[in-house]
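So the chains spell out like this:
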Amino acid sequence: MSNNEHDVTRRQFLNYTLTGVGGFMAAGMLMPMLRFAVDPLLQNKTSGKMVAVTNVSQLTNEPQRFTFKVKKVDGWHTFEEQKIAYIYKKENGEILALSPICTHLGCTVSWNDPAFPNEFHCPCHGGRYTKSGINIPGTPPPEPLHVYDQKVKGGTVYLGEDHPRGGS
Amino acid sequence: MLAKLYDWIDERLDITPMWRDLADHEVPEHVNPAYHFSAFVYCFGGLTFFTIVIQILSGMFLVMYYVPDIDRAWDSVFYLQNKVAYGQIVRGMHHWGASVTIVMVFLHTLRVFFTGAYKKPRELNWIVGVLLFFVILGLGFTGYLLPWDMKALFATKVGLQIAASVPFIGGWIQTLLQGSDVVGAQTLARFFAIHVFFLPAVLLGLLAAHFIMIRRQGISGPL
Ligand code: HEM
Ligand code: FES
């Protein structure tokens, strides 16, 4: 058979097949390693259970700092992560539980700092929020403090995950 | 697109001769299994290199999850093997690849020995080859401790005991390798450093010397 009327030469044919087979072999080696490396991107998030934090009777109209622990699994490391919530009762009796993680770059805010009465203040870049956690315009944070999921059962306040509230 | 990019770089750096030098290098007939099937014995050197590449690649990925600490090493290996996608495969490549590497080195050495390729002018490359063999055994020995299970622990105790039996300086060698008076936290940290930094660096240096010498001297002639 001559290859006069074909435009693939023997050399090209061998080049293509060898590159193809070699490519498959290399991919077979590399794919598992790459999938292994990107695994953290593809692990599904486990949402934690609600945790008992305090008694409703403890709550006032003034935000108070409560700490609670949630069980965390970080690969081969299982530990109790300490979390903070500022909780108070609004005028209408609703309970609001705020996360103190600054929405600017993640430092921890505190309530009623002597220099910033009746506000949440972040020491890192001077972020400020009102009592209900709304960021004060002109300070760095781009959105309000996140709010914890919460429920009350038998006089006990339980908290879950925290979520952004939207708006600013 | 790619061709254009290539031309752009080539125009500035003249890179064509670099790869042409390798691509146009002829494989002599007596080492090409396409001509004489028995010439497959000449493949063992290349196969050794191939398995070393696999060891280095899979090792680089394993260290993404592995931690060299006595409290956590075993758990991290358990996690990467059982909880991470393809963990069993990536660890399997490294685990089985270690043995395959050593088998390949051995076969390659046999080929060099029985074809007399170690004779003048290639004595230096035989010496580099022996050093490579020791470095690879060292990688096997230090790597074996890393999973920190019972087998790893006692294999290392045995190995260190053997090192301690060297006349006069054995005790020092043992303490130096062990990093402590027990096989423990410091041993693991040390073996890890040796396994992933020191020996691979030496290995790459020796491989470079090995290959440069082969290019200089060519493959030894037909029998
Ligand atoms: C010729 C080269 C190498 C050989 C012969 C070798 C050998 C070994 C052996 C025998 C083990 C124990 C595996 C087991 O029992 O499952 C091991 C573990 C390990 N090696 Fe290597 N290794 C080499 C290169 C490397 C390199 C270059 C790296 C990192 C850059 C590396 C990283 C690791 C890690 C993190 C472990 C612990 C994880 C495990 O045990 O599965 N290795 N190695
Ligand atoms: S992190 Fe709070 S103001 Fe920047």
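Cut-offs used in this document
Counting restarts for each chain, with residues numbered from 1 along the sequence as it is written. Note on labels: chains are lettered from A, ligands numbered from 1, in written order. Local features in this predicted model are restricted to residues of pLDDT 70 or higher, and side-chain atom pairs are both shown and tallied only at a pLDDT of 80 or more, whereas totals for entire chains, interfaces and linings draw on every residue. Computation of side-chain values covers all heavy atoms of the structure but excludes hydrogens and water. UniProt positions are given in the numbering used here, feature names are shortened, and annotations may be inferred rather than shown by experiment. Put simply, DSSP marks the helices as runs of H or I at least four residues long and the strands as runs of E at least two long, and each gets a number from the N terminus on. For every residue, the accessible area obtained with a 1.4 Å probe (protein chains only) is divided by the maximum for its type, and the residue is called buried under 20%, exposed over 50%, and partly exposed between those limits. Note on contacts: a residue pair is in contact if any heavy atoms of the two residues lie within 4.5 Å. Method for areas: the Shrake-Rupley scheme with a 1.4 Å probe, in which residue coverage is limited to the protein chains shown. Positive charges come from Lys and Arg, negative ones from Asp and Glu, while His and the chain ends are left out of the count. Charge positions come from single atoms, namely NZ of Lys, CZ of Arg, CG of Asp or CD of Glu. For Na, K and Ca the donor cut-off is 3.2 Å, while for other metals it is 2.8 Å, and in both cases only N, O and S atoms qualify; water is not among them, so sites may look incomplete. Any site counts as irregular unless it has four donors with all angles between 85 and 135 degrees, making it tetrahedral, or four or six donors with opposite ones more than 155 degrees apart and the rest between 65 and 115, making it square planar or octahedral. Centres within 6.5 Å are what make two rings of Phe, Tyr or Trp a pair, Trp counting through its six-membered ring; a difference in plane orientation under 30 degrees is then read as stacked, over 60 as edge-to-face, and the rest as tilted. In our convention, an over-ring charge means Lys NZ or Arg CZ found within 6 Å of a ring centre and within 35 degrees of that ring's normal.

- As annotated in an unreviewed UniProt entry, chain B carries the name Menaquinol-cytochrome c reductase cytochrome b subunit and comes from Scopulibacillus daqui.

- Chain A is annotated in an unreviewed UniProt entry as Menaquinol-cytochrome c reductase iron-sulfur subunit of Scopulibacillus daqui.
- The heading Cofactor (unreviewed entry) in the UniProt record of chain A holds the text "[2Fe-2S] cluster".

1. Things to note about the overall build of chain B
Here comes step 1: When you go through chain B residue by residue, the secondary structure sums to 9 helices and 0 strands.
Here comes step 2: Ordering the α and β elements of chain B from the N terminus gives α-α-α-α-α-α-α-α-α.
Here comes step 3: Each principal axis of the C-alpha atoms in chain B carries an extent, and together these give about 55 × 50 × 35 Å.
Here comes step 4: Of all 223 residues assigned to chain B, the portion counted as buried reaches 35%.
Here comes step 5: Expressed as a percentage of contacts within chain B between residues at least 6 apart in sequence, the contacts between residues at least 24 apart total 64%.
Here comes step 6: Total accessible area computed for chain B in this model is approximately 14000 Å², and 71% of it derives from carbon and sulfur atoms.
Here comes step 7: Side-chain charges of chain B comprise 15 positive and 14 negative groups, with the mean position of each set lying 6 Å from the other.

2. Points about the coordination of the iron atom of ligand 1
All names here are of chain B.
Here comes step 1: Taken together, the protein ligands of the iron atom of ligand 1 are His94 (NE2) and His195 (NE2), with distances of 1.9 to 2.0 Å.
Here comes step 2: In this structure, the iron atom of ligand 1 is surrounded by 6 donor atoms whose angles at the metal cover 87 to 180°, and the resulting shape is octahedral. Within this pair, whereas His94 is found in helix α5 (residues 87-114), its partner His195 is found in helix α9 (residues 185-217), the two being separated by 101 residues in sequence.

3. Here's the deal with the environment of Leu146 of chain B
Here comes step 1: Take Leu146 of chain B: it is sitting in the loop between α6 (123-145) and α7 (150-164).
Here comes step 2: Expressed as a C-alpha distance, the spacing of Leu146 of chain B and Leu188 of chain B, which sit 42 residues apart in the sequence, is 6.7 Å.

4. A closer look at the UniProt feature "domain: Rieske" (unreviewed entry) in chain A
Here comes step 1: According to UniProt, the feature "domain: Rieske" (unreviewed entry) maps to residues 86-159 of chain A in the numbering used here.
Here comes step 2: Regarding residues 86-159 of chain A, the helix share stands at 0% and the strand share at 42%, and the terminal C-alpha atoms are separated by 11 Å.

5. A closer look at the packing of aromatic side chains
Geometrically, a pair of aromatic rings is defined through the distance of the ring centres and the angle of the planes.
Here comes step 1: As enumerated under the stated definition, the model contains 16 aromatic pairs over all chains in all.
Here comes step 2: The interplanar angle of 75° and the centroid separation of 5.2 Å between the aromatic rings of Tyr86 of chain A and Phe120 of chain A together place this pair among those described as edge-to-face. Taken as a pair, Tyr86 of chain A in strand β3 (residues 77-89) and Phe120 of chain A in strand β6 (residues 116-121) lie far apart in primary sequence, 34 residues in all.
Here comes step 3: Plain terms: the ring middles of Trp74 of chain B and Phe78 of chain B are 5.4 Å apart, the flat faces sit at 20° to each other, and that makes the pair stacked. Of this pair, Trp74 of chain B and Phe78 of chain B both sit in helix α4 (residues 73-82), separated by 4 residues, roughly a single helical turn.
Here comes step 4: When its relative accessible area of 42% is taken as the criterion, Trp74 of chain B is described as partly exposed.
Here comes step 5: Each member of the aromatic cluster is reached from another via a ring pair, and the members are Phe36 and Trp76 of chain A together with Tyr65 and Tyr79 of chain B.
Here comes step 6: Across from the ring centre of Tyr158 of chain A, 5.4 Å away, lies the NZ or CZ of Lys151 of chain A, which sits over that ring.

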